[in-house]
Amino acid sequence: SPGDIIEIVIKCVNFAAVKHKDQRRLDPESSPYINHPIGVAYILTNEAKITDVDVIQAALLHDTVEDTNATFEEIENEFGPKIRSIVEEVTDDKSLPKQERKLLQIKHAPTSSYEAKLVKLADKLYNLRDLEKATPKRWTPYRVQEYFAWSKKVVDGLRGTNQAMEDSLDELFKKRNVS
Ligand code: NDP
Ligand code: ZN
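1. A short note on the site of ligand 1
Then, number 1: The environment of ligand 1 is formed by 20 residues, the closest being Tyr-33, Lys-98, Lys-102, Arg-143 and Tyr-147.
Then, number 2: Within the backbone of Asp-27, a nitrogen or oxygen atom sits 3.5 Å from a nitrogen atom of ligand 1.
Then, number 3: One of the side-chain nitrogen or oxygen atoms of Gln-99 is found 2.9 Å away from an oxygen atom of ligand 1.
Then, number 4: Contact with the protein chains hides 73% of the accessible area of ligand 1, taken as 920 Å² for the molecule alone.
Then, number 5: Here ligand 1 is seated within the largest pocket.
Then, number 6: Mapped by element, the contributors of at least two residues to the shell around ligand 1 are helix H4 (64-67), helix H7 (98-108), helix H8 (114-133) and helix H9 (141-156).
Then, number 7: For the shell around ligand 1, the element with the highest residue contribution is H8, accounting for four residues.

Printed below as a string of structure tokens:
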């Protein structure tokens, strides 16, 4: 029922807000980190027109294991195995060197599930829009351009998933001259 859906979505928002409470984004204003997972979920409902609750839940939770003390076991206990599985697919292994993690995202994009591809597309779109708005403190223009070029390689492995998000991403890549 609608009541059940609202309850489960707010449970995810609350879980993410508690886990990310001390974190800030890299933008010059150091925005609250929680703006990002909420914004990724909003891109999915508002622009991609996704109403699959599993995808929205995974979007809200997508950076909790990667960036906080949350564990996959905790996600499974609170939200079930399906949500755990999508979150696992979009979580980088932080024990690996950064360069390796970046290459693995490119490698794994094409074989990830439809649900994970949607979350990844919305995540890239949100982050590239952030970079378009303002350069993070201590980032050179070169580093921003590198991030766009790497993102394009990941997105190329996610194509055929959602036209609205892919069109918006292509517009950003065009503006940045990444091909
Ligand atoms: P980071 O991974 O350190 O930062 C990018 C990530 O930060 C995003 O993917 C996003 O992840 C999160 N984020 C938070 N705030 C913002 C924001 N305002 N805009 C965009 N993203 C934000 O950097 P890189 O992706 O560049 O990865 C590091 C790589 O860069 C390594 O390969 C390293 O070797 C290289 N490097 C290059 C330097 C250079 O000057 N060229 C200097 C240092 C490293 P999320 O969605 O998880 O929040
Ligand atoms: Zn993210």
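2. With respect to the packing of helix H3 (residues 53-61) against helix H6 (residues 81-89)
Axis angle and axis distance: for two packed helices, these are the angle between their axes and the distance between the axes, and together they describe the pair.
Then, number 1: Look at H3 against H6: their axes get within 9 Å of each other, and the N-to-C directions meet at 55°. The angle between the axes of H3 and H6 places the two elements in the oblique class. Where H3 crosses over H6, the two elements pack in a sense that is right-handed. Contacts from Asp-54, Gln-57, Ala-58 and Leu-61 in H3 reach Lys-82, Ile-83, Ile-86 and Val-87 in H6.
Then, number 2: Grouping the amino acids of the contact of H3 with H6 by side-chain chemistry returns five nonpolar, one polar and two charged.

3. Overview of the coordination of the zinc ion (ligand 2)
Then, number 1: For the zinc ion (ligand 2), the full set of protein donor atoms is His-36 (NE2), His-62 (NE2), Asp-63 (OD) and Asp-123 (OD), at a range of 2.1 to 2.3 Å.
Then, number 2: Donor residues for the zinc ion (ligand 2) sit on one chain with the sequence pattern H-x25-H-D-x59-D. In this pair, His-36 is assigned in helix H2 (residues 35-46) and Asp-123 in helix H8, connecting sequence segments 87 residues apart. When sorted by exposure, His-36 lands in the same class as Asp-123, which is buried.

4. Digging into the packing of aromatic side chains
Then, number 1: This model, assessed by the stated rule, comprises three aromatic pairs.
Then, number 2: An angle of 55° between the planes, with centres 6.0 Å apart, marks the rings of Trp-139 and Tyr-147 as tilted. Across the pair, Tyr-147 and Trp-139 agree in class, each one buried.
Then, number 3: Between Tyr-147 and Trp-150, the aromatic rings sit 5.3 Å apart at their centres with planes inclined by 65°, giving edge-to-face as the arrangement.

5. Things to note about the nonpolar core
Then, number 1: Within the largest apolar cluster, 46 residues are counted, with the highest numbers of intra-cluster contacts made by Leu-44, Leu-61, Ile-75, Val-87, Leu-128, Phe-148 and Met-165.
Then, number 2: For this core, the secondary-structure elements that each account for two or more residues are helix H1 (2-19), H2, H3, helix H5 (72-79), H6, H8, H9 and helix H10 (163-175).
Then, number 3: Tallying contributions element by element places H8 first for this core, with nine residues.
Then, number 4: Excluding residues that lie within four positions of it along the chain, Leu-61 makes contacts with Cys-12, Phe-15, Ile-75, Phe-79, Ile-83 and Val-87.

6. With respect to the layout of surface pockets
Then, number 1: In this model, the largest pocket occupies a volume close to 1200 Å³.
Then, number 2: Lining the largest pocket are 36 residues, with Lys-98, Lys-102, Trp-139, Tyr-147 and Trp-150 sitting closest to its centre.
Then, number 3: Sorting the residues of the lining of the largest pocket by element identifies H4, H7, H8 and H9 as the ones contributing at least two each.
Then, number 4: In terms of residue class, the lining of the largest pocket is built from 13 nonpolar, five polar and 18 charged.
Then, number 5: Counted as a void, the second largest pocket has a volume near 180 Å³.
Then, number 6: Lining the second largest pocket we find Glu-89, Val-90, Thr-91, Asp-92, Asp-93, Leu-96, Arg-101, Leu-104, Gln-105, His-108, Ser-112 and Lys-120.
Then, number 7: Top element by residues in the lining of the second largest pocket is H7. It accounts for four residues.
Then, number 8: Across the lining of the second largest pocket, the residue classes break down as three nonpolar, four polar and five charged.

The rules we used
- Residues numbered from 1 in each chain as written.
- Chains lettered and ligands numbered in written order.
- Predicted model: local features only at pLDDT ≥ 70, side-chain atom pairs only at ≥ 80, totals over all residues.
- Heavy atoms only, no water.
- Near = heavy atom within 4 Å.
- Polar contact = N/O pair within 3.5 Å; in protein donor to acceptor, adjacent residues only side chain to side chain.
- Areas by Shrake-Rupley, 256 points an atom, 1.4 Å probe, with all protein chains shown as cover.
- 1 Å grid on protein atoms, 1.4 Å probe; cavity = no way out; pocket = protein on both sides within 12 Å on 5 of 7 lines; lining within 4 Å.
- Sits in = over half its atoms within 2 Å of the grid points.
- Helix = DSSP H or I, 4+ residues; strand = E, 2+ residues; numbered from the N terminus.
- Axes fitted to C-alpha atoms, helices over the stretch in contact; angles between N-to-C directions.
- Parallel < 35°, antiparallel > 145°, perpendicular 65-115°, else oblique.
- Left-handed = near helix turned anticlockwise from the far one by under 90°.
- Contact = heavy atoms within 4.5 Å.
- Nonpolar A, V, L, I, M, F, W, Y, C, P; charged D, E, K, R; others polar.
- Donors = N, O, S within 2.8 Å, 3.2 Å for Na, K, Ca; no water.
- Buried < 20%, exposed > 50% of the residue type's maximum accessible area, 1.4 Å probe, protein only.
- Phe/Tyr/Trp six-rings, centres within 6.5 Å; stacked < 30°, edge-to-face > 60°.
- Core = buried A, V, L, I, M, F, W, Y, C linked by side-chain atoms within 4.5 Å.
- Points joined across faces, edges and corners; volume = space filled by probe spheres on them.

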